[in-house]
2 protein chains.
Amino acid sequence: MVLRMTNQREIILKELQRSRQHLSADELYERVKKSMPRISLATVYRNLETMSEAGLIAKLEISGRQKRFDYDASHHDHIYCLQCSRVDNIEFDRDLLGQTSPRSAKGYQITGYRVEFIGICASCGRKNSQRSQAGNKKSNG
Amino acid sequence: MVLRMTNQREIILKELQRSRQHLSADELYERVKKSMPRISLATVYRNLETMSEAGLIAKLEISGRQKRFDYDASHHDHIYCLQCSRVDNIEFDRDLLGQTSPRSAKGYQITGYRVEFIGICASCGRKNSQRSQAGNKKSNG
DNA sequence: CTTAGTGCAAACTGTTTGCAGAGGG
DNA sequence: CCCTCTGCAAACAGTTTGCACTAAG
């Protein structure tokens, strides 16, 4: 049960931190392969799981999407892009929601809540407005 | 593009409504099979997709879990059980969150947000307290 | 040395798709 | 009649697992 700091584990963790993004297992695998070509995807999955259990990183489970991993294990909320699935941190007054949210409902004992913001990221927004500019003279189907 | 009300579609819809629960595609498939044994799981998936696009039902995408479908298509929030994955409706003051939540962040144009409550449902809570009663005389590992 | 961790391939879960034939309007 | 819908099987994406071998402590 003692956690060993293997080469693989270290590289995965460093790559995730270096990215400053919320990467999926396969994105991370592609990056890590560059410095360790024989690493397997299963190892990446196993280590991400282990490290998120150990609290070194956080596992993000966004509705209906591939899991992503966060170099920042502290509790915070996220926003994701409808178009490209990119995930970023978001800050808002979580306490206020905590005050107004119910403590129990329908016999449930409530242990927590998750807030996901949904939107269009800067780069997709830019692409969209370029596209609609171009399409202006034609129709917009 | 015209929606046909086939036998399959009707049975799926009625079964979902009758259940008054938030069922997954395969749970629904098992129920529907009783009155229509030759129906295929693909048909269930296709119809759930079609009907949620048409606004007849709602598709629930809960973090890191199988999709579930809601006979009530109106917008409301949900709570799910950590132990058995059961999903129920929950009511809370959504407007208040709307007022305090940001309208944009990190270049994102925010189009919505989703709140998920997490907890232990009544029946799992009961099981747990029975178990801990029984385990009281021993240790609690 | 011991036992956690690895690479590989194969399994598994949830969901989607291509196809030829069926049936709703 | 047409064209949407169906059942089936096969494909697919993301993730997990069994196994024999490797390496960290």
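It should be noted that the structure appears before, not after, this text.
Everything numeric in this text was worked out from a predicted model, so none of it was measured.

**A few points about the relation of the copies chain B and chain A**
Copy one and copy two of the chain differ by a rotation about an axis and a translation along that axis.
No. 1: Once turned by 180° and shifted 0.0 Å along the axis, chain B lies on chain A with an RMSD of 0.1 Å. Such a combination of rotation and displacement between the chain copies is what one expects of a two-fold axis.
No. 2: Taken as a fraction of all interface residues of chain B, those also at the interface in chain A reach 97%, which identifies the copy contact as same-surface.

**Description of unusual backbone geometry**
No. 1: The backbone phi angle of A:S85 is positive, close to 70°, even though this residue is not glycine.
No. 2: Along the chain, A:S85 falls in the loop between β4 (77-81) and β5 (87-90).

**Considerations on the interface of chain B and chain A**
No. 1: The interface is formed by 39 residues belonging to chain B together with 38 residues belonging to chain A.
No. 2: Interface area for chain B against chain A, summed over the two sides, is near 3,100 Å², with a carbon-plus-sulfur share of 61%.
No. 3: Three residues, B:Y108, B:R114 and B:I118, lead the burial of chain B against chain A; their summed loss comes to 21% of the area buried on that side.
No. 4: Run the count over chain B and chain A and you get two salt bridges.
No. 5: Across the pair B:E116 and A:R114 runs a salt bridge, and its minimum N-O distance is 3.1 Å.
No. 6: At the junction of chain B with chain A, the criterion picks out 20 residue pairs in polar contact (both at pLDDT 80 or more).
No. 7: Looking at the side of chain B that touches chain A, the elements with two or more residues in it are β4 (77-81), β5 (87-90), α4 (94-100) and β7 (108-120) of chain B.

**Focus on the side chain of B:R9**
Residue and element names in this part refer to chain B.
No. 1: Within the secondary structure, R9 is located in helix α1 (residues 7-19).
No. 2: For the buried R9, no salt bridge exists, and the shortest N-O distance to an oppositely charged side chain is 9.4 Å, to E53.
No. 3: A distance of 2.9 Å separates the side chain of R9 from the backbone oxygen of R4, its partner in a polar contact.
No. 4: Apart from residues lying up to four places away in sequence, R9 is in contact with L3, R4, N47, T50 and M51.

**Regarding the protein's contact with DNA strand C**
No. 1: Inspection of the region around DNA strand C gives 22 residues, with A:T6, A:R9, A:T43, B:R4 and B:Y45 positioned closest.
No. 2: Near the protein, meaning within 4 Å, the atoms of DNA strand C are sugar or phosphate in a fraction of 68%, with bases accounting for the rest.
No. 3: Measuring from a sugar or linking oxygen of DNA strand C, one finds a backbone N or O atom of A:V2 at 3.4 Å.
No. 4: Side-chain polar atom of B:Y45 to a phosphate oxygen of DNA strand C: 2.6 Å apart, as the coordinates give it.
No. 5: Contributions of two or more residues to the surface near DNA strand C are made by α1 (7-19) and α3 (41-53) of chain A together with α3 (41-53) of chain B.

**A few points about the sheet that holds strand β2 (residues 58-60) of chain A**
The pairing of strands in a sheet happens through backbone hydrogen bonds and is either parallel or antiparallel.
Residues and elements named next belong to chain A.
No. 1: Across the sheet, which stays open at both edges, the three strands sit in the order β1-β3-β2 with antiparallel pairing between neighbours. Across the chains shown, the open sheet's two edge strands, defined by having one partner strand only, are β1 (22-24) and β2. On average, each strand axis in the sheet is tilted by 35° relative to the strand beside it, whichever way the strands run.
No. 2: Pairing of β2 with strand β3 (residues 68-70), which is carried by three bridges, proceeds in the antiparallel orientation. Within β3, the residue paired with K59 across the bridge is F69.
No. 3: Those strands touched by helix α2 (residues 25-35) are β1 and β3, and its axis lies near 90° from that of β1.

About the cut-offs
- Residues numbered from 1 in each chain as written.
- Chains lettered and ligands numbered in written order.
- Predicted model: local features only at pLDDT ≥ 70, side-chain atom pairs only at ≥ 80, totals over all residues.
- Heavy atoms only, no water.
- Least-squares fit on C-alpha atoms with pLDDT ≥ 70 in both.
- Contact = heavy atoms within 4.5 Å.
- Helix = DSSP H or I, 4+ residues; strand = E, 2+ residues; numbered from the N terminus.
- Buried area = accessible area lost by both parts, 1.4 Å probe.
- Salt bridge = Lys/Arg side-chain N within 4 Å of Asp/Glu carboxyl O.
- Polar contact = N/O pair within 3.5 Å; in protein donor to acceptor, adjacent residues only side chain to side chain.
- Buried < 20%, exposed > 50% of the residue type's maximum accessible area, 1.4 Å probe, protein only.
- Lys, Arg positive; Asp, Glu negative; His and termini not counted.
- Near = heavy atom within 4 Å.
- Pairing = 2+ DSSP bridges.
- Axes fitted to C-alpha atoms, helices over the stretch in contact; angles between N-to-C directions.

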